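For reference, the chains in residue letters:
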Amino acid sequence: MAPSSDAALPSSLEELFLIMHYRKMQRDLNGPQKKKSKYHFVALACLLVLVYGLSVAGTDSGNTDANQPVTVALTLNQIILIGVWVFVAVVITAIFAGTKFILVLYWMIVYWPLLAILATMLLGLSTNDEQLVGEIIGYLLLIAEVGTLLSYIAVFYVYPRFVTSEWFRENHACRFWRIELLDDGMTMQYDGPWGRCGKRYQCHYKGEVNERGLPHGYGVWSDNHYDGEVLTGMWEDGHPIAPYSSRQYGGRGSTFSAVRLAYFMATDDTFEANKMMPTNENPPRCGLASVECSVAGDFMSHLPNASLLGEPQTEGEKVNIGQICRQLDCDPQTTAEEGEQQKTTATLQINATDPRGVQIDGYVYAPTGLPFTKRMKQIVVDIRGLNGEPEYGAIEVGDNGDSEHSMLGPNFSLEVMNWTKTTAKDALIFIPGFNSWLKHSLETFGQLCAMTSLSEKVYPILFSWPGAQVLTYRQASLISASENNRRYFLQMLKSLKAEGFVNIHIITHSLGVQTLMNCFEDVDGSPSPVSQMFGPAPSTTDGSSSLADIGKLVCRSITMLNPDYALDAFREHGFRSLRRVASLITVVGDKTDQALFWSSLINGIVNRCGWMQPSALDSEARRNLKGFHLQDPIGRSIGSLCVKKEGEDESDWLDCDAIDTTGLDTNVNDLRHSAYTVNSILLRDIEEILMTGKRAAHRTTLLHREGNVFEYCHAPSFVKQ
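Model, not experiment: these values are computed from the prediction. (Residues numbered from 1 in each chain as written. Predicted model: local features only at pLDDT ≥ 70, side-chain atom pairs only at ≥ 80, totals over all residues. Heavy atoms only, no water.)

**Examining the overall build of the protein chain**
Secondary structure summary: the protein chain contains 20 helices and 27 strands in total. Going through the 721 residues of the protein chain one by one, you find that 45% of them count as buried. When contacts within the protein chain are restricted to residue pairs at least 6 apart in sequence, those whose partners lie at least 24 apart make up 68%. Put simply, the protein chain shows about 36400 Å² of open surface, and 55% of that area lies on carbon and sulfur atoms. (Helix = DSSP H or I, 4+ residues; strand = E, 2+ residues; numbered from the N terminus. Buried < 20%, exposed > 50% of the residue type's maximum accessible area, 1.4 Å probe, protein only. Contact = heavy atoms within 4.5 Å. Areas by Shrake-Rupley, 256 points an atom, 1.4 Å probe, with all protein chains shown as cover.)

Structure representation (structure tokens):
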């Protein structure tokens, strides 16, 4: 296709090119996450000592005895210098690990100082004026450090803002990349990074636009540059917004997905930071957010990345969280696709392993309204064409007469007699942990949803509470039990109920479990207002409609990830308050969880000092203890969710599922506290809990250990076949 000789590039296409070039530039500048070595700095220090030792040996030319051993001698100042350098390098790079500053920090704190020390040692051995050598090396080090910092600022801050500025777009963008419009009027051709000496690339957009000609609605962008992408999904005024999916054109075919989340902001914190002293005096706010995540191939350093779709609105005045959730369905393309899928189902997944009965994914048994049944002896599936008439033995045949497809084509659908497709979605409430501000919470929750299909089957809702900061851990625990925090959680449930929601799933992480336990804690011996919002724990024969008819919500599942909640309190009263409303309770923990270890130590110290703690954490067993004791959290005591029988050695296991993830060693950080975001084994299990409602004994990836304890069938990462 030849360039159009007389067609000028429309300003809308030029603006779109710069928007998508900025996305490409962010991927190129930030790069993928890389494996971190714990012995990186030790190896550099050993290299330093080795080079110095060899240089000393090389200068000892007068020694002719081959048997004379070579010794490496370091002065006290040199030992102190190397030790301080290693300590500072390890601490600072550990603090900023995973941030966009890590690259420049490696050069400024690790590599340049290492080269300066080596140069000082080597040149100092060959000259008598060590002071002059030290001064020269010091000046060169200063120049290198300043140059590195300025280069970083220019590449990561100045250049991106320059090429996306209005002035550059209006005056120089077309000439800089030599952008030309091809004959079809939609495809652009431009220079690559090597300018006129390199290859030219093509990009184009196809889809809905607004009055200015910018992408708005559903559309597809394609760019055949190595770092370009093929992006399919929703757009708003030229910018891609969730939901959309994207695949990098070159490299390892890295794949990205953006999901929409609803959030309920029950805190006075801002989008990007928590207050040191947590508060929740202002009315709660709610809104929608978009989160872009890496889901396959290279995982980019700048992802996940969350952004708000509009300003947060005060909950209850003009909009509530239930209405916000309904906006998650206001995607015309998604609605059209769901409507078409409702008419034409091409695949069925039938499960007969659940003791509750036969299940068909996405269907309910019409006579009872339940997703499972034991009443049927057969399932009848009709194969129908688009005209509604039954079709039999339909296959497509190629030109050469051979069968090319042995499956039904898109012109056929499957209909199940006596089963009805489900259209209603459940609500999934996620309560994040300590020191997790709104942006960070959205990114972790969004990564969980993007790595699964949960956002297609439930309404994901983030309950953001005052998570405090590192130094105010105890204040976060106290405010989780505050009257406002309980009242805001209750307000969220009432809003969901007012919008017709019935089924509720709850997931908590870390200290977020204390918000849940405080909300369900009995008040003067009676169920709390939050507990009274729910009907009794549903059994295997209960449907949603029966409880909805009496005005109650149904708690379908409660999943606690690495929960920071006192073991004794959970045994005595905490578990009972949850079991009253939910029959599917899952505790996911790790015996080597380092974050929970420090939590148990801090709580043990402050409890010994007599400081106040929420009543939901208190227990008779703790009050009977003398002296200092760690406050064991259930997330680290995963094998102890049981109650001793009085006067007997045996124990009664609590009616919940305890999942021990200690054996998982892939995609788990050093703290072993947040595997739920990217560990595919744990993610698939969480998805199976929410979608099927199966207990651990009937899920596919688990092995039974003892009592209510299960573990994943998983080989260590170093085991090779």
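Okay, back to it.
**Examining the pattern of salt bridges**
Enumeration over the complete set of coordinates arrives at 25 salt bridges. With its nearest N and O atoms 3.1 Å apart, the salt bridge here joins Asp618 to Arg622. On the basis of relative accessible area, Arg622 is assigned to the partly exposed category, the value being 26%. Across the salt bridge formed by Glu711 and Arg705, the nearest N and O atoms sit 3.0 Å from each other. Within the structure, one salt-bridge network assembled from shared partners comprises Arg23, Arg27, Glu229 and Glu292. (Salt bridge = Lys/Arg side-chain N within 4 Å of Asp/Glu carboxyl O.)

**Comments concerning the packing of helix H14 (residues 512–520) against helix H17 (residues 567–579)**
Close contact between H14 and H17 brings their axes to 9 Å; oriented N to C, the two are set at 80°. Between H14 and H17, the crossing angle belongs to the class labelled roughly perpendicular. On H17, the residues that touch Leu516, Met517 and Phe520 of H14 are Phe570, Gly574, Phe575, Ser577 and Leu578. A class-by-class count of the residues in the contact of H14 with H17 yields 6 nonpolar, 2 polar and no charged. (Axes fitted to C-alpha atoms, helices over the stretch in contact; angles between N-to-C directions. Parallel < 35°, antiparallel > 145°, perpendicular 65-115°, else oblique. Nonpolar A, V, L, I, M, F, W, Y, C, P; charged D, E, K, R; others polar.)

**Things to note about the environment of Asn282**
Along the chain, the position of Asn282 falls in the loop between strand E7 (255–265) and strand E8 (285–296). A relative accessible area of 46% places Asn282 in the partly exposed class. Between the C-alpha atoms of Asn282 and Asn484, which are 202 residues apart in sequence, the distance is 9.5 Å. Contact partners of Asn282, with chain neighbours within four places excluded, come to Asp268 and Tyr488.

**Considering the sheet that holds strand E14 (residues 372–373)**
In space, the 3 strands of this open sheet follow the order E11-E12-E14, with antiparallel pairing throughout. Either end of the sheet is taken by a strand with one partner, and the two such strands are strand E11 (350–351) and E14. Where strand E12 (residues 358–360) and E14 come together, 2 bridges link them in antiparallel fashion. Looking at E14, one finds that Gln359 is bridged to Phe372. (Pairing = 2+ DSSP bridges.)

**What to know about the nonpolar core**
Judged by nonpolar contacts, the single largest core of 63 residues is most densely connected at Leu496, Phe534 and Phe570. Ranked by residue count, the leading element in this core is helix H13 (residues 483–498), at 6 residues. Residues contacting Phe570, with those up to four places away along its chain left out, are Met517, Met560, Tyr565, Phe575, Leu578, Ile634, Leu641 and Leu654. Counting residues in hydrophobic clusters, the runner-up holds 37 residues, among them Phe271, Leu448, Ile507 and Leu702. (Core = buried A, V, L, I, M, F, W, Y, C linked by side-chain atoms within 4.5 Å.)

**Let's talk about H13**
Relative to the 22 Å expected for 16 residues at 1.5 Å per residue, H13 spans 22 Å between its end C-alpha atoms, a close match to the ideal helical length. Regarding H13, the residues found buried are Asn484, Asn485, Arg486, Tyr488, Phe489, Leu490, Met492, Leu493, Ser495 and Leu496. (Expected span 1.5 Å × (residues − 1).)

**Some words on helix H20 (residues 680–692)**
Along its 13 residues, H20 runs 18 Å from first to last C-alpha, staying within 8% of the 18 Å computed at 1.5 Å per residue. The backbone nitrogen of Ile681 has a side-chain oxygen 3.2 Å away, supplied by the residue at the start of H20, namely Asn679. Just past H20, the residue Gly693 takes up positive phi, approximately 70°. (Polar contact = N/O pair within 3.5 Å; in protein donor to acceptor, adjacent residues only side chain to side chain.)

**Points about the packing of aromatic side chains**
This model, assessed by the stated rule, comprises 25 aromatic pairs. On the numbers, 4.9 Å between centres and 85° between planes, the contact of Phe176 with Trp177 is edge-to-face. Judged by its relative accessible area of 48%, Phe176 is partly exposed. One aromatic cluster in this structure is built from Phe17, Phe162, Trp167, Phe168, Phe176, Trp177, Tyr190 and Tyr201. (Phe/Tyr/Trp six-rings, centres within 6.5 Å; stacked < 30°, edge-to-face > 60°.)

**Concerning the side chain of Asp564**
Locating Asp564 in the fold gives a position in the loop between strand E21 (554–561) and H17. Arg474 provides the closest opposite charge to the buried, unpaired Asp564, separated from it by 8.6 Å. Setting aside residues no more than four positions away along its own chain, Asp564 makes contact with Tyr473, Ser510, Leu511, Val513, Gln514, Leu596, Ser599, Asn603 and Pro633. (Lys, Arg positive; Asp, Glu negative; His and termini not counted.)

**As for the confidence of the model for the protein chain**
Residues at a pLDDT of 70 or more form 84% of the protein chain, whose mean pLDDT is 84. Contacts from residues 332–343, a stretch scored under 50 in pLDDT, to residues over four places away or in other chains number 11 contacts. This stretch, residues 391–409, has a pLDDT under 50; its non-local contacts, to residues over four places away or in other chains, come to 17 contacts. (pLDDT = per-residue confidence, 0-100.)

**A few points about the pairing of strand E6 (residues 239–248)**
Direction of pairing for strand E5 (residues 229–236) relative to E6: antiparallel, over a ladder of 8 bridges. From the neighbouring strand, Met234 faces E6, where its bridge partner is Ile241. Linking two consecutive strands that pair antiparallel, namely E5 and E6, is a turn of 2 residues; a positive phi of about 50° is found at Asp237 within it. Of the pairings in the sheet, the one linking E6 to E7 comprises 4 bridges and is antiparallel in character. Opposite Ser246, over in E7, you have Phe256 as the bridge partner. In this antiparallel pair of consecutive strands, E6 and E7, the connection spans 6 residues, and Gly251 shows a positive phi of 70°.

**Overview of a nonpolar patch on the surface**
Taken together, Leu76, Ile80, Val84, Phe87, Val88, Val91, Ile95, Phe96 and Phe101 make up a surface patch of nonpolar side chains, about 820 Å² in accessible area. Within the secondary structure, Val91 is located in helix H3 (residues 76–95). (Patch = residues over 30% accessible without salt bridge, like charges linked within 9 Å, V, L, I, M, F, W, Y side chains within 5 Å.)

**Considering the packing of H13 against H14**
In contact at an axis separation of 10 Å, H13 and H14 are set at 85° when each is read in the N-to-C sense. Comparing the axis directions of H13 and H14 gives the class roughly perpendicular. The residues of H14 that touch H13, namely those facing Asn485, Arg486 and Phe489, are Thr515, Asn518 and Cys519. Residue classes in the contact of H13 with H14 are distributed as 2 nonpolar, 3 polar and 1 charged.

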